[in-house]
Amino acid sequence: MDFFGLYFLQLALLGVPRLALSAGGSDCLQAGDTCSSDDTCSPRLRTLRQCVAGDGSVKLGPGARNQCDNAMKALLSTPLHGCQCKRGMKKEKNCLSIYWSLHQSVLHESEVTTVNRCLDAAKACNIDETCHKLRTEYVSSCIQPSTHSGPCNRPKCNKALRKFFDRVPPNYTHELLFCPCTDTACAERRRQTIVPSCSYEEKDKPNCLMQLRICKSDYICRSRWRQFQHDCEPSELSASGCKQDNFGACLLAYNGLIGSTITPNYLDNSTSNVGPWCSCTASGNYRDQCGDFLAFFQDNICLKNAILAFGNGSDVKTSENQQGMPSPAADSHSPHFSTAAPGVSMETEHNVLRAQIPTQVNENDRLWGDEGDSTLPSLSGGGVKPPCISPLLLLCWLLLLLSRP
C-alpha cells in the first residue's frame with residue numbers, strides 16, 4: 001500500500017482531526033509518554049517523525065518509504081491510536097506535533113513543492129540503523145575538539161569517515177554526496193556532508209604534489225588513487241565520457257578517496273565542481289603536472305557526467321561489488337597523469353619519501369610472495385646455495401675430536 005492509500009486508511013479508521021477531547025478520547029501527550037517508555041513503540045514513533053519531517057516520506061526511496069509505512073501500521077495498535085488534543089490546552093503545540101505525526105496531512109501534497117533530495121537523503125540515512133549509527137560516529141568525531149590537534153582531531157575524523165563510506169551501502173552514501181541541488185542552501189548542505197571544517201579544509205592550502213606523494217606512501221591511499229584513475233578515466237571516444245562506461249564504479253572510486261590526504265569535496269555551494277583541498281603554489285618546474293592532477297577532478301568529463309547522471313537518474317552501469325584495490329589496468333601508468341615529476345626518477349622520488357617517512361618499506365621489497373615467503377633464500381633449485389666449509393676448518397675440527405679423551 002502506498003503512502004496515500006495508508007493515509008486514507010487512517011481517515012477511515014481514525015476519522016478527521018478533532019481538536020477537542022471527547023469523553024472517551026485520549027490525550028496525545030499522555031499517549032506519547034506511554035509510547036516513549038515502551039521499547040517497541042518508541043523506535044517506531046521516532047521513525048515516523050523522521051518520515052514526516054519536511055515533505056514527507058513520499059519523497060524518500062522505496063526502502064525508506066516501506067519503513068515509514070510499517071511504522072505507521074504498527075502505531076495504529078498503540079495508545080496513540082485515536083488520541084486527540086484540546087484547544088488551548090497546556091503544551092498544545094507539543095500535543096499537535098504528535099497528532100500530526102500520525103495524521104500526515106495530504107493538503108500540501110496537491111501544491112507544487114520543491115524536492116530537496118539532500119534533505120531526503122539525510123532522513124533516509126537516519127531511518128537505516130547502520131547508516132545512522134556510522135554517520136553519527138563520524139560527525140561526532142569530526143566536531144569534537146582535541147587538546148593536541150586544535151579544533152578537531154583530523155586523523156580520528158578521517159578514520160571515521162573511511163569507516164562510514166566503506167561499510168554503508170552506496171544507495172545511501174551516493175544520495176548524501178551526489179544529490180542534485182538547484183539552490184545554494186541545498187548545495188551547502190551537500191558540501192557539509194563530510195564535515196569539511198575538519199576533514200577537508202585547512203588554514204593554508206598545501207601543495208597538491210606533496211599531498212599526492214604522502215598518499216602514495218600509504219598502501220591503501222595509493223590503491224584508492226589508482227582505482228579512481230582507472231574507473232574515472234575520461235575518454236572522448238565514449239558516449240558516456242568514461243573509458244570504462246561505468247558511472248557507478250566511478251562514483252564508488254570517488255567515495256574511496258574520502259578520508260585520505262587527497263580527500264575531494266565540493267569547492268563551493270554554487271557549482272558541482274569537486275577537488276581536493278590543495279594548490280599548485282610553489283610547484284616550480286612541476287606546475288603543469290600539478291595542474292594535471294587538479295584537472296583530473298575539476299575538468300574530468302567522466303566524473304562530471306557520473307555525478308550529473310546520478311542526479312537525474314540516467315546513470316549507466318552500476319558497480320555492485322567494487323573493492324578498494326585497484327583493477328589490473330589501474331596499476332599501469334595513466335596516460336592522463338604521471339605520478340613522477342618530469343626529470344625525476346622513481347628512485348629519487350622514493351628517496352624523498354623515505355626521508356619524510358622513515359618507516360616506509362621500499363616498494364620493491366615484497367611483503368608476501370605467490371608461494372610462501374619470497375624474501376627467504378631458497379636452498380634448492382636456482383636459489384642461494386648453502387655456504388661451503390673450508391677444508392682447513394674441517395681438519396681442525398677432526399683433530400679436536402681425536403684429541404678428546
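These lines cover the structure that appears in this document, whether it is placed above or below.

Reading guide: rules and limits
- Residues numbered from 1 in each chain as written.
- Predicted model: local features only at pLDDT ≥ 70, side-chain atom pairs only at ≥ 80, totals over all residues.
- Heavy atoms only, no water.
- Core = buried A, V, L, I, M, F, W, Y, C linked by side-chain atoms within 4.5 Å.
- Buried < 20%, exposed > 50% of the residue type's maximum accessible area, 1.4 Å probe, protein only.
- Helix = DSSP H or I, 4+ residues; strand = E, 2+ residues; numbered from the N terminus.
- Expected span 1.5 Å × (residues − 1).
- Polar contact = N/O pair within 3.5 Å; in protein donor to acceptor, adjacent residues only side chain to side chain.
- Salt bridge = Lys/Arg side-chain N within 4 Å of Asp/Glu carboxyl O.
- Axes fitted to C-alpha atoms, helices over the stretch in contact; angles between N-to-C directions.
- Parallel < 35°, antiparallel > 145°, perpendicular 65-115°, else oblique.
- Contact = heavy atoms within 4.5 Å.
- Nonpolar A, V, L, I, M, F, W, Y, C, P; charged D, E, K, R; others polar.

The next thing to look at is the nonpolar core. Judged by nonpolar contacts, the single largest core of 55 residues is most densely connected at F164, W225, F228 and F293. No other element matches helix α16 (residues 301-312), which puts 6 residues into this core.

Across its 12 residues, α16 extends 16 Å between first and last C-alpha, which sits within 8% of the 16 Å expected from 1.5 Å per residue. Those residues of α16 lying buried are C302, L303, A306, I307, A309, F310 and G311. Backbone nitrogen of C302 and a side-chain oxygen of the N-cap are separated by 2.9 Å at the start of α16; the cap is N300. With its phi angle positive at about 80 degrees, G313 sits one or two positions after the end of α16.

Per the stated rule, a full pass over the model turns up 9 salt bridges. Taking the shortest distance from any N to any O, the salt bridge between E188 and R191 comes out at 3.0 Å. Taken together, the positions of E188 and R191, both in helix α10 (residues 184-191) and 3 residues apart, correspond to about one turn of that helix. The buried category is assigned to R191, whose relative accessible area is 13%. A salt bridge links K243 to E233, with the nearest nitrogen and oxygen atoms 3.8 Å apart. Residue K243 is located in the loop between α13 (219-231) and α14 (247-256), and its partner E233 is located in the loop between α13 and α14; the two are separated by 10 residues in the primary sequence.

Quick look at the packing of helix α9 (residues 170-178) against α16 now. Working note: a packed helix pair is described by the angle between its axes plus the distance between those axes. Direction vectors running N to C along α9 and α16 enclose 105 degrees, while the axes themselves pass 10 Å from each other. When the axis of α9 is compared with that of α16, the two are roughly perpendicular. Each of H174, E175 and F178 in α9 lies in contact with α16, whose residues at this interface are I307, F310 and G311. The residue inventory of the contact of α9 with α16, partitioned by class, reads 3 nonpolar, 2 polar and 1 charged.

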